[in-house]
Structure formats: C-alpha cells, structure tokens
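Fold and geometry: a report
If you want the building blocks of each chain, they are given just below.
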Amino acid sequence: MHKEIDLRLSPEAAADAAITKAEVLQKAGMSAMEDVHVKILKRSVDARSRQIKINLKAGIFLNEAPPQINNIKSSYKKVHNAPQAIIVGAGPAGMFAALRLISLGIKPILIERGKDVRGRRRDLADINKKHLVNPESNYCFGEGGAGTYSDGKLYTRSKKRGDIRRILEAFVSHGATEEILVDAHPHIGTNKLPKIVEALRESILEAGGEVHFDTKVTELIIRNQCACGVVLSGGEKLEGLGVVLATGHSARDIFYMLQRQQIAIEAKPFALGVRVEHPQALIDKIQYRQSPRNPLLPASSYALVQQVNYGEIQRGVFSFCMCPGGFIVPAATAPGELVVNGMSPSRRDSRFANSGMVVAIELEDIPDYHQEGPLAALAFQKSIEQYACQLAGGGQTAPAQRMTDFLNDKVSNTLPDTSYQPGLVSMDMREVLPALVHKRLKEGFKAFDNKMKGFVTEEAQLVGIESRTSSPVKIPRDRDTLEHPEVQFLYPCGEGAGYAGGIVSAAMDGERCAERLAARVLHV
C-alpha cells in the first residue's frame with residue numbers, strides 16, 4: 001500500500017525523523033506498525049506567517065519498501081564502435097546530450113573550448129586575484145559550463161520540456177545528495193558540483209564516448225545543407241551523424257562564425273542591470289522576521305518583479321539568480337570587459353546575499369544598434385561591458401554604490417564590505433548604466449521596498465554590471481525536429497541558442513536534441 005500525506009510542521013519537528021514519522025502516521029490514522037515506512041517526497045519552507053512552518057509531502061509504504069532511486073547509469077550502452085555525433089560545448093546541455101545519445105546507441109564526441117573542471121580553478125583564481133581573464137577558461141567557459149562555478153541551482157519552470165526527475169536522478173547517480181529530489185528549490189553548490197561534473201564525464205568515457213578539452217570549433221562542415229562535422233582551430237576536422245551546438249550564452253565567436261557562414265541567427269531580447277548585495281542576516285530578518293534565524297532554516301531568499309515605466313514604455317524589473325549565503329564573482333569572458341554573476345556554496349553560509357537586479361531590454365530599446373542586424377543585442381551588451389570596464393579602471397574592479405545613495409543620486413563616500421574578491425570602486429551607477437536601465441531600477445527598488453520592508457538600506461549596494469542573464473542571440477530551430485530550419489542535422493541547444501535558462505532546463509534541452517538526432521539518423 002502506498003499513501004501520500006501532506007502536513008505542516010515546525011522546523012524542529014521536521015528536523016527530527018522520529019517526530020515526523022509519528023506525525024505522518026497520526027494524520028493517516030495509522031499506528032506505528034513494524035512494517036511501515038515513511039519517506040519524505042517533497043519539502044518547502046512556508047514563511048508567510050510569524051510561525052514559520054515546513055511543508056512536507058510524505059509517502060507511507062505498508063508492507064513494502066519505498067521505491068529506490070532509478071540507476072540512470074544502467075541505461076548507458078557501450079558505444080565504442082557505434083556511429084558518432086558531434087556535440088560542441090560541455091556545459092549541462094552538452095553533457096546530458098552526450099549521455100542521452102549513449103543511452104540511444106550513438107557515440108558522442110564532446111568538444112569543449114575550455115579546460116576540465118579542475119583545470120579551470122587556476123584561471124578562476126587569476127581573474128579574482130590578478131584580474132587576468134583567460135578568454136578560453138573562466139567562469140563561463142570550461143567543463144560543466146557557467147553553472148559549475150556559478151551556484152548550481154537546480155530548479156526550473158520548464159516542466160513541459162523534458163523529464164526533470166530523470167535529470168535530478170542523474171545528478172544523484174553521479175554523487176549529488178538525494179535531498180535535491182525532495183527540496184522545492186534544489187541546490188548542489190559550487191563547491192560540490194565540480195566532482196559531480198567529473199563523474200558525468202567519467203560515465204561518458206566509460207561508455208565509449210570522447211571528451212576533448214582545450215579544443216575550439218572555428219567552422220561547421222556543411223554538405224548539401226546538412227551539418228556533418230566541425231573544423232577545429234588547428235585545422236583538424238571531426239565528422240559525424242550530426243552536430244549539437246550547445247555552446248552557452250557567452251560564446252560570441254560561435255555567433256560570429258554562424259553569421260560568417262551565412263547560417264541564420266536572430267537578435268534576441270535579454271536583460272541588463274546590476275548585482276545587489278545585502279547582509280544575509282538582513283534578508284533573513286525581513287523574510288523570516290527573526291534575527292538571528294533559526295539554525296534549522298536555510299538562508300532565506302527572495303524573488304521580486306515589477307513593471308516600470310520609462311517615458312511611455314513599460315518594462316519588467318526583476319531579480320535574477322538570487323544567491324543566499326553567496327558570493328559575487330567576475331564573469332567576463334575577454335579582457336576589457338566587466339561582468340558580474342553570483343554563486344553560493346552548498347551550505348550557503350556566506351554572510352552575504354546577492355541577486356541580479358535587471359531590466360528587460362527589447363530590441364526596440366536599442367535602435368542605435370539595429371545596423372548590426374542579428375548581432376544587435378550582442379553589440380549593445382558588449383559595448384556596455386567594455387564601457388563599464390573602462391570607467392572602473394580597466395581590470396576586474398567593479399563599480400559600486402550604496403542603494404540609498406543610488407536612489408538619492410549621490411556617489412557613496414564609503415562602501416559596505418563585499419564578497420566580490422577583485423574589489424570595488426565607488427561610482428555613480430548613472431554613469432555606468434544607460435538611462436533606460438538605471439531609471440527603471442530606481443523605481444523598481446522603491447516598489448521592492450514596499451514588498452520587502454527594509455530592502456532599501458544603506459547596508460545594501462549595487463555592484464555592476466549584470467549583463468549575461470541570457471543569450472542576446474537566438475539560433476532558430478524547427479519546433480518539432482529541433483533542427484536549424486536551413487541546415488539539417490544541426491541542433492541548436494540550451495542557453496546559447498536561446499532555449500534554456502539554467503542547469504536543469506539546459507540539461508533537458510540537451511536530452512531532447514539528442515533524442516531528435518537519434519530518431520532522425522537511426523529511424524526510430
């Protein structure tokens with residue numbers, strides 16, 4: 001017998017397995033019989049009232065054991081001698097496309113411009129401490145993609161795009177805790193994700209797939225309007241049944257390559273703004289109404305959105321990639337750019353909370369860049385990043401301003417402590433951001449303070465700039481086949497192509513592209 005029960009417990013009761021089991025059985029009208037098992041299926045924090053509760057969904061199993069987690073690895077076939085397909089990019093879209101191809105009997109050749117996940121660490125240290133940006137290895141490029149060293153959040157709204165459970169179980173099979181299957185907002189953490197990424201790679205290799213690091217694609221091989229391979233920077237050629245293009249939202253050279261090869265791409269709206277950093281204790285006090293927070297509660301987060309007018313045009317101002325107990329990191333992918341992002345370790349125990357606070361940028365907002373055609377939004381994004389870098393001194397020192405000073409048009413005499421290692425310089429963010437952004441941010445912050453009393457404070461600061469919210473270019477594809485409309489066997493995939501917005505949605509999109517490729521070439 002299997003029965004599900006919903007209940008609300010105090011944090012203390014929810015943390016005690018014996019109490020939780022007793023509460024579940026009592027609500028179900030059952031006694032603590034010997035062969036009764038209780039398994040927590042879902043868990044979330046309810047902080048809407050002063051008495052904070054933990055919402056649980058529990059499964060009761062009578063005379064049977066709770067189901068075990070699917071061993072995803074059991075579906076991986078040996079493909080050493082199978083037909084091969086090319087995957088460009090070893091982020092979540094590329095890695096999960098590779099694993100799905102293996103399970104379908106195709107050998108993946110995974111090509112990554114950056115280093116393996118361990119090799120990236122030295123380059124991340126260089127950008128943080130020496131302000132040196134390696135254009136091939138940084139917070140965006142390298143094994144695992146941008147998510148590996150930029151938080152590891154695993155929740156998504158894209159529930160209709162694939163099997164979320166299978167993605168999460170694959171992470172568990174490769175070393176993640178089973179808690180990610182239960183928590184409403186699952187999170188691995190940037191300190192634990194690298195080992196999981198290594199394990200995913202090992203599965204690809206053990207099955208017979210190939211993974212090539214420090215390998216850059218410079219051209220697609222196209223014959224009779226079909227993608228059949230790639231040309232590498234050294235002149236070598238790799239060919240296969242098709243090409244999955246999973247290069248991430250910052251691989252600008254790929255967009256330039258596609259335009260040069262006259263493969264259709266489109267300009268795409270994105271969002272631009274800053275990182276806002278608060279003391280985590282302040283966010284806890286606002287959200288939980290307690291200080292310090294109960295140690296049984298996770299570091300609190302928030303999600304905010306407001307429609308704001310500038311002139312007669314309304315755009316959304318919203319929080320993005322909120323990182324409780326986290327750090328702000330430099331995310332530029334070339335020297336002369338300034339970009340910031342956020343991340344959290346698994347314990348989310350930093351004394352800072354940060355979130356992107358961004359304004360939606362539509363193509364009609366940037367008429368001066370329309371001559372760039374499909375690269376219009378990219379050109380605008382790039383110009384803002386380069387201008388910010390120039391204003392802040394040319395390195396990775398970031399412009400910053402207290403939130404209250406920003407609202408009062410005043411340069412900050414001092415800045416609060418920060419988690420951003422390269423350092424901050426006090427600046428008027430009106431000089432750094434275009435008016436359509438900073439004027440809307442002002443109104444957005446005022447509205448957010450009405451929703452979260454205490455959000456606007458001199459303890460908070462703006463750190464600029466947050467510009468890599470999503471790809472500024474879309475690579476079109478057919479709705480059903482997922483192929484490029486002009487080039488058969490070319491599968492634009494994940495965030496870089498404009499079809500995902502995080503680790504899980506990118507992984508699901510990678511699987512879908514792999515399935516369509518396999519169906520096309522194997523006729524299954």
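Above: the structure in question.
So, here is what we can say about the structure in this document. Just so it is clear, the structure is predicted and the values come from calculations on it, not from any experiment. (Residues numbered from 1 in each chain as written. Predicted model: local features only at pLDDT ≥ 70, side-chain atom pairs only at ≥ 80, totals over all residues. Heavy atoms only, no water.)

Thoughts on the packing of helix α5 (residues 164-173) against helix α14 (residues 503-522)
As a packed pair, α5 and α14 sit with axes 10 Å apart at the nearest point and diverge in direction by 105 degrees. Classed by the angle they form, the pair α5 and α14 counts as roughly perpendicular. Of the residues in α14, those touching α5 at Ile164, Arg166, Ile167, Leu168 and Phe171 are Ile503, Val504, Ala507, Met508, Glu511 and Glu515. Residue classes in the contact of α5 with α14 are distributed as 8 nonpolar, no polar and 3 charged. (Axes fitted to C-alpha atoms, helices over the stretch in contact; angles between N-to-C directions. Helix = DSSP H or I, 4+ residues; strand = E, 2+ residues; numbered from the N terminus. Parallel < 35°, antiparallel > 145°, perpendicular 65-115°, else oblique. Contact = heavy atoms within 4.5 Å. Nonpolar A, V, L, I, M, F, W, Y, C, P; charged D, E, K, R; others polar.)

Some thoughts on the nonpolar core
The biggest cluster of nonpolar side chains holds 63 residues, and the ones touching the most others in it are Leu154, Phe171, Ile180, Ile188, Ile204, Val244 and Leu517. In terms of residue count, the dominant contributor to this core is α14 (10 residues). Beyond its immediate chain neighbours, meaning those up to four positions away, Phe171 contacts Phe96, Leu154, Ala176, Ile180, Ile188, Leu193, Ile196, Leu200 and Ile503. Of all hydrophobic cores here, the second largest spans 47 residues; its members include Val308, Val317, Phe406 and Val463. (Core = buried A, V, L, I, M, F, W, Y, C linked by side-chain atoms within 4.5 Å. Buried < 20%, exposed > 50% of the residue type's maximum accessible area, 1.4 Å probe, protein only.)

Structural notes on empty space enclosed by the protein
If you walk through the whole model with that rule in mind, you get 1 cavity of 30 Å³ or more. Counted as a void, the largest cavity has a volume near 80 Å³. Lining the largest cavity, in full, are Gly91, Pro92, Met95, Phe96, Gly144, Gly147, Thr148, Phe171, Leu193, Val197, Leu200 and Ile503. Breaking the lining of the largest cavity down by element, the ones donating at least two residues are α3 (92-103) and α6 (193-207). Partitioned by chemical class, the residues of the lining of the largest cavity number 8 nonpolar, 4 polar and no charged. (1 Å grid on protein atoms, 1.4 Å probe; cavity = no way out; pocket = protein on both sides within 12 Å on 5 of 7 lines; lining within 4 Å. Points joined across faces, edges and corners; volume = space filled by probe spheres on them.)

Quick word on the sheet that holds strand β9 (residues 237-239)
Sheet architecture is open: 3 strands sit in the order β7-β8-β9, paired in antiparallel fashion. Only two strands of the sheet have a single partner each, and these edge strands are β7 (217-223) and β9. Going across the sheet, the axis of each strand differs from the next one's by a mean of 30 degrees, ignoring polarity. Here strand β8 (residues 226-232) runs beside β9; their pairing, made up of 3 bridges, is antiparallel. Within β9, the residue paired with Gly229 across the bridge is Glu239. (Pairing = 2+ DSSP bridges.)

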